[in-house]
Amino acid sequence: MPRSSSTFTLVTDAAEAQARFAGLVAREPEALSVVASVTDGLVVDRSRYVGARWWAATDASGAVVGAFMHTPPHPLHIGLASADEARDLAALLADQCDVLPGVGGQRRPAEAFATEWVARTGATSRVAMEVGRFDLPTPPHVPFEVSGSFRLATDADTALVDGWHQQFVDAIEGQGRVVPSLDRHVADGRVGLWEDAGGTVSMAYASPASGGVTRISGVWTPPELRGHGYASGVVAALSSARLDAGEACMLYTDLANPTSNAIYTAMGYRRVGDSISIAFGEQA
């Protein structure tokens, strides 16, 4: 028996999903940042993910109150939902003999989804990653001097940016997924680079703003260039640029990495929530 009073509508068209979630994104831009940016990207380029789908949870009045997204090969992502809504969707998909590699997003509903999924399918589950969500309530500052300077990437940097973006994703997910180009981010002035001693040494990019909020991501310094504060410099400078453009900033960081968490906190970012990624094993 359903635990919530919400109903679920499956959506397979990115433009329709964008329209359905517009009000929710405006009300909860930080929570919906991943759903909004991925969906917006799929409206522009449908080839980014094959088989993308969304579920809109609506209450008795017909208002959209929850957002779920699945972009294979990633886990199902819970942008915003109650624990009961998450359990109900897990039950619905399990009854339909759906197959999922895992679930991620807000901790409480993601854990509720996983519990229901395991109970109904016989799958195993394990925590793959725990992530903190940070916002930036004040202008950022780096509490130490970083050699070099910041600039925005240009078209001439696209090959370097895309190569580093691929390395960033490979480091997080493992090799196997070819990531889309950041050429549109470059063209829109949303990719920052740090330069020192005549060379480019670090990068970060900002997602297109959704509900006035941009997400700083893709922070990458090649391993041989680390230990000089370059990532701190590029994140602080790019964040300042987006604040100056009238956008609020947020980012996600792996809670198992105390170094990056301490860096962002010292910079002025503030932990405001937790997310989790749970991987599923074989189903019975």
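The structure contained in this document is the topic of the report that follows.

The rules behind the values
Residues numbered from 1 in each chain as written. Predicted model: local features only at pLDDT ≥ 70, side-chain atom pairs only at ≥ 80, totals over all residues. Heavy atoms only, no water. Axes fitted to C-alpha atoms, helices over the stretch in contact; angles between N-to-C directions. Helix = DSSP H or I, 4+ residues; strand = E, 2+ residues; numbered from the N terminus. Parallel < 35°, antiparallel > 145°, perpendicular 65-115°, else oblique. Left-handed = near helix turned anticlockwise from the far one by under 90°. Contact = heavy atoms within 4.5 Å. Nonpolar A, V, L, I, M, F, W, Y, C, P; charged D, E, K, R; others polar. Buried < 20%, exposed > 50% of the residue type's maximum accessible area, 1.4 Å probe, protein only. Polar contact = N/O pair within 3.5 Å; in protein donor to acceptor, adjacent residues only side chain to side chain. Expected span 1.5 Å × (residues − 1). Phe/Tyr/Trp six-rings, centres within 6.5 Å; stacked < 30°, edge-to-face > 60°. Pairing = 2+ DSSP bridges.

**Things to note about the packing of helix H7 (residues 230-244) against helix H8 (residues 258-267)**
And step 1. Where H7 meets H8, the axes come as close as 11 Å, and the angle between the chain directions of the two elements is 40 degrees. In this view, H7 runs oblique relative to H8, as classed from their interaxial angle. Where H7 crosses over H8, the two elements pack in a sense that is right-handed. Contact with H7, carried on its side by Ser232, Val235 and Ala236, involves Ile263, Tyr264 and Met267 of H8 and no other residues of that element.
And step 2. By residue class, the composition of the contact of H7 with H8 is five nonpolar, one polar and no charged.

**As for the side chain of Ser6**
And step 1. Turning to its location among the elements, Ser6 is positioned in the segment before strand E1 (7-11).
And step 2. By relative accessible area, which is 12% here, Ser6 ends up buried.
And step 3. Among the polar contacts listed, one links the side chain of Ser6 to the side chain of Glu85, at a separation of 2.7 Å.
And step 4. Setting aside its immediate chain neighbours within four residues, Ser6 contacts Ala57, Thr58, Val65 and Glu85.

**Comments concerning the packing of helix H1 (residues 14-27) against helix H2 (residues 33-44)**
And step 1. Two elements in contact, H1 and H2, have axes separated by 9 Å at closest approach and are oriented at 150 degrees. Classed by the angle they form, the pair H1 and H2 counts as roughly antiparallel. Handedness of the crossing formed by H1 with H2: left-handed. Two secondary-structure elements touch here, H1 through Ala14, Ala15, Ala17, Gln18, Phe21 and Val25 and H2 through Val35, Ala36, Thr39, Asp40, Leu42 and Val43.
And step 2. Its residues placed into classes, the contact of H1 with H2 shows nine nonpolar, two polar and one charged.

**Observations concerning H7**
And step 1. Over its 15 residues, H7 extends 21 Å from the first C-alpha to the last, a length consistent with the 21 Å expected when each residue adds 1.5 Å.
And step 2. Along H7, the positions that sit buried rather than exposed are Tyr230, Ser232, Gly233, Val234, Val235, Ala236, Ala237, Leu238, Ser239 and Arg242.
And step 3. Buried residues along H7 sit in contact with strand E7 (149-152), strand E8 (191-196), strand E9 (199-206), strand E10 (213-220), strand E11 (248-254) and H8.

**Considering the side chain of Ser239**
And step 1. You can see Ser239 is positioned in helix H7.
And step 2. Looking at Ser239, its side chain comes within polar contact range of the side chain of Tyr269, at 2.7 Å.
And step 3. Apart from residues lying up to four places away in sequence, Ser239 is in contact with Leu136, Pro140, Ile216, Cys249 and Tyr269.

**Comments concerning the packing of aromatic side chains**
The description of an aromatic ring pair rests on the distance of the ring centres and on the angle between the ring planes.
And step 1. Enumeration according to the criterion identifies four aromatic pairs in this entry.
And step 2. Between the aromatic rings of Phe8 and Phe68, the centroid separation amounts to 6.0 Å while the plane-to-plane angle is 70 degrees, which identifies the pairing as edge-to-face. Here Phe68 lies in strand E3 (residues 64-70) and Phe8 lies in strand E1, a separation of 60 residues in the sequence.
And step 3. The interplanar angle of 15 degrees and the centroid separation of 5.7 Å between the aromatic rings of Trp117 and Phe280 together place this pair among those described as stacked. Of the two residues, Trp117 is situated in helix H4 (residues 107-121) and Phe280 in strand E12 (residues 270-280); the sequence distance between them amounts to 163 residues. There is no split in this pair, since Trp117 and Phe280 are both buried.
And step 4. Among the aromatic residues, those joined into a cluster by ring pairs are Phe113, Trp117 and Phe280.

**Concerning H4**
And step 1. With 15 residues, H4 extends 21 Å from end C-alpha to end C-alpha; this agrees with the ideal 21 Å at 1.5 Å per step.
And step 2. Residues of H4 that are buried include every one of Pro109, Ala110, Ala112, Phe113, Ala114, Glu116, Trp117 and Thr121, and no others.
And step 3. Next to the buried residues of H4 lie strand E4 (76-80), helix H3 (83-95), strand E5 (102-106) and E12.
And step 4. Where H4 terminates, the next one or two residues include Gly122, which has phi positive at roughly 80 degrees.

**Quick word on the sheet that holds E9**
Within a beta sheet, neighbouring strands are joined by backbone hydrogen bonds and run either parallel or antiparallel to one another.
And step 1. Spatial strand order, E1-E2-E3-E4-E5-E12-E6-E11-E10-E9-E8-E7: twelve strands in an open sheet with mixed pairing. Of all strands in the sheet, those bounded by a partner on one side alone are E1 and E7. Within this sheet the neighbouring strands show an average axis-to-axis angle of 25 degrees, counted without direction.
And step 2. Sheet topology places strand E6 (residues 125-135) next to E11; five bridges connect them, and they run antiparallel. Bridge pairing in E11 places Asp135 opposite Met250.
And step 3. Of the strands in this sheet, E4, E5, E6 and E12 touch H4, which is tilted by about 15 degrees from E12.
And step 4. Seen against the sheet, H7 touches E7, E8, E9, E10 and E11 and runs at an angle of roughly 45 degrees to E9.

**Considering unusual backbone geometry**
And step 1. Following Pro72, the chain continues to Pro73 via a peptide bond in cis, the omega torsion being 10 degrees.
And step 2. Position of Pro73 relative to the elements: it lies in the loop between E3 and E4.
And step 3. Backbone geometry at Ala197 places phi at a positive 55 degrees, although glycine is not the residue there.
And step 4. Mapped onto the secondary structure, Ala197 falls in the loop between E8 and E9.

No statement about biological role is implied by the geometric values presented.
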